[in-house]
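# Fold and contact review
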Amino acid sequence: EREVGTDQLLLEHTSLPTFVRFDLHFGRLLSSYTSLEFVSIVCQNSSMASMSSALTRFSGLSSKTTLSPDFDHSSRRTFLPPNRVGLKISSSSSSETDSEPDLSVTVNGLKMPNPFVIGSGPPGTNYTVMKRAFDEGWGAVIAKTVSLDASKVINVTPRYARLKTGSNGSAKTDVIGWQNIELISDRPLETMLKEFKQLKQEYPDRILIASIMEEYSKTGWEELIDRVEQTGVDALEINFSCPHGMPERRMGAAVGQDCALLEEVCGWINAKATVPVWAKMTPNITDITEPARVSLKSGCEGIAAINTIMSVMGIDLKTLHPEPCVEGYSTPGGYSYKAVRPIALAKVMNIAQMMKSEFGGKDYSLSGIGGVETGYDAAEFILLGSNTVQVCTGVMVHGYGHVKTLCAELQDFMKQHNFSTIEDFRGHSLQYFTTHTDLVRRQKEAIEQRKAERKGLKSDKDWTGDGFVKETESMVSN
């Protein structure tokens, strides 16, 4: 606890012989003492009831204070007369926490302590890791994608490859890109459902979202949705975007890239689902707003974007084989992590603008994904309209505890701009995007304006007294 010197404020309760003395915490609070909310009260020869009654008249502080009878008589407060109460304004953890920007969000009726969501993938592959995510403080967890028949899912190893870079000829140690050829969950559906149910029993107030994907079958989708919802999950994210694996079964991106097929499947899903549904978009398409629009019109409550970008990570110039290399061979896979963020931001911006212009005022949500490693990265997605921000590869690189850093950095950004809540700045930067033609027009007008200012006054009537010197200088040529 820290005290501030000698500034005092005495209040006298008219019906009780009780005085209240404040040691003002920081001099700046002297003129705004009514905003003080966290006070450590030390009583001397006065009843608790009298203290509470006296405080009631002081801006309602009685409901926000704690009383303590352990007054130190050897302190400098011993000069107080009998029947007086000393109040000490003190720095406390609760005060510091209360002054922090609020990161909580409510999305499609789902309340989250912060906007950081575990993206579907290895970080949400089983009970143990999802439990760890909740314990570390993630706002929500999206489990790894499940389907009815996991026996058809056979993964290979190695299944990842990294893109590293260095600066000025130094060793390439900084990972900027990550490719995977991993499929959806290869664990039995019953096992995953059992773990979903256990997680919801242990964490009833936390948000668990199931990611699901199925073959082109109405009955298959209906069965999967019914069985998953019975576990108590809070929402569904539909994987219309996995860029590799089983396209011949019309799964993943094979649906998300075909708007007619997407509309049909979305219709099946939303006719059955009773919880919010997010459609996860593929970036491997010419105009990402088209499937996003179809998904929303077909009943989905939210859009998640983007999934990974189809890629070939590279060729090993010693062996001449592609990476990741499995028995000398490879296959194109999904590219993620820091290097994809500019692409993801552009896609999110496009979707957000479409949602604002065509679905404005409705409770649709947008979950931004792609290369988020810091809280400042997350701020960019939120500025472009994202309600939540998903992190998957970042967890694989930094671990589950990284959410604490993400939250601290996002709050730091908010403090810099005096934002109190996520909604204070969500979508703020969308207004600054326009067409190239408009940029040309704006720059031309700005140049003409600057030229006009340099030429000085157009007429003698424009002279002013206050700006006379500057107006004179504006017409000097050297």
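Report on the accompanying structure. (Residues numbered from 1 in each chain as written. Predicted model: local features only at pLDDT ≥ 70, side-chain atom pairs only at ≥ 80, totals over all residues. Heavy atoms only, no water.)

### Quick notes on the overall build of the protein chain
Scanning the protein chain for helices and strands turns up 14 helices and 21 strands. Summarising the internal contacts of the protein chain: among those between residues at least 6 apart in sequence, 71% fall at separations of at least 24. Put simply, the protein chain shows about 23,700 Å² of open surface, and 51% of that area lies on carbon and sulfur atoms. (Helix = DSSP H or I, 4+ residues; strand = E, 2+ residues; numbered from the N terminus. Contact = heavy atoms within 4.5 Å. Areas by Shrake-Rupley, 256 points an atom, 1.4 Å probe, with all protein chains shown as cover.)

### Some details on the environment of Phe359
Secondary-structure assignment places Phe359 in helix H9 (residues 341-359). By relative accessible area, Phe359 is classed as buried at 8%. When neighbours within four sequence positions are excluded, Phe359 is seen to be in contact with Arg293, Leu296, Lys297, Met354 and Tyr364. (Buried < 20%, exposed > 50% of the residue type's maximum accessible area, 1.4 Å probe, protein only.)

### Comments concerning the packing of aromatic side chains
The full count for this structure, using the stated rule, is 9 aromatic pairs. Ring geometry for Tyr160 and Trp178: centres 5.7 Å apart, planes at 50°, overall tilted. Here Trp178 lies in strand E11 (residues 174-180) and Tyr160 lies in strand E10 (residues 160-165), a separation of 18 residues in the sequence. Between Phe413 and Phe425 the ring centres are 5.2 Å apart and the planes differ by 70°, which places this aromatic pair in the edge-to-face class. Separated by 12 residues along the polypeptide, Phe413 in helix H12 (residues 402-416) and Phe425 in the loop between H12 and helix H13 (436-455) bring together distant segments of the chain. Residue Phe413 is classed as buried on the basis of its relative accessible area, which comes to 11%. (Phe/Tyr/Trp six-rings, centres within 6.5 Å; stacked < 30°, edge-to-face > 60°.)

### Digging into the sheet that holds strand E14 (residues 277-280)
Neighbouring strands of a sheet are bound in pairs by backbone hydrogen bonds; such pairs are parallel or else antiparallel. Ordered in space as E8-E9-E12-E13-E14-E15-E20-E21, the 8 strands form a closed barrel in which the pairing is parallel. On average, adjacent strands in this sheet sit at an angle of 25° to one another, irrespective of strand direction. Relative to strand E12 (residues 207-212), strand E9 (residues 140-142) runs parallel, the two sharing 3 bridges. Looking at E12, one finds that Ala140 is bridged to Ile207. Of the strands in this sheet, E12 and strand E13 (235-239) are in contact with helix H5 (residues 218-229), which crosses E12 at around 160°. (Pairing = 2+ DSSP bridges. Axes fitted to C-alpha atoms, helices over the stretch in contact; angles between N-to-C directions.)

### A look at the sheet that holds E10
Taken in spatial order, the 4 strands make up an open sheet running E10-E11-E19-E16, and their pairing is antiparallel. Strands with a single pairing partner mark the edges of an open sheet, and in this sheet they are E10 and strand E16 (309-311). Ignoring which end each strand starts from, the neighbouring axes of this sheet average 40° apart. Both E11 and strand E19 (residues 333-336) contribute to a ladder of 3 bridges, which runs antiparallel. By the bridge assignment for E19, Asn180 is matched with Gly334.

### What to know about the side chain of Lys200
With respect to the helices, strands and loops of the structure, Lys200 is situated in helix H4 (residues 189-202). Owing to a relative accessible area of 11%, Lys200 belongs among the buried residues under this scheme. For Lys200, the side chain forms a polar contact with the main-chain oxygen of Pro204, separated by 3.4 Å. Setting aside chain neighbours within four positions, we find Lys200 in contact with Arg206, Leu208, Thr231, Gly232, Val233 and Asp234. (Polar contact = N/O pair within 3.5 Å; in protein donor to acceptor, adjacent residues only side chain to side chain.)

### A look at the packing of helix H3 (residues 127-136) against H4
For the pair H3 and H4, the least separation of the axes is 10 Å and the interaxial angle reads 25°. Here H3 lies roughly parallel to H4, going by the angle between them. As H3 runs across H4, the sense of the crossing is right-handed. Contacts from Tyr127, Met130, Lys131 and Phe134 of H3 reach H4 at Glu195, Phe196, Gln198, Leu199 and Glu202. (Parallel < 35°, antiparallel > 145°, perpendicular 65-115°, else oblique. Left-handed = near helix turned anticlockwise from the far one by under 90°.)

### Some details on the pattern of salt bridges
Opposite charge on two side chains permits them to pair, given that their charged atoms come into close proximity. Scanning the model with the defined rule gives 20 salt bridges in all. Measuring nitrogen to oxygen at the nearest pair gives 3.0 Å for the salt bridge that ties Lys152 to Glu215. Residue Lys152 is located in the loop between E9 and E10, and its partner Glu215 is located in the loop between E12 and H5; the two are separated by 63 residues in the primary sequence. The class of Lys152 is partly exposed, set by a relative accessible area of 42%. The exposure class assigned to Glu215 is partly exposed, which follows from its relative accessible area of 22%. One salt bridge in this structure joins Glu445 and Arg441, with 3.0 Å as the shortest N-O distance. (Salt bridge = Lys/Arg side-chain N within 4 Å of Asp/Glu carboxyl O.)

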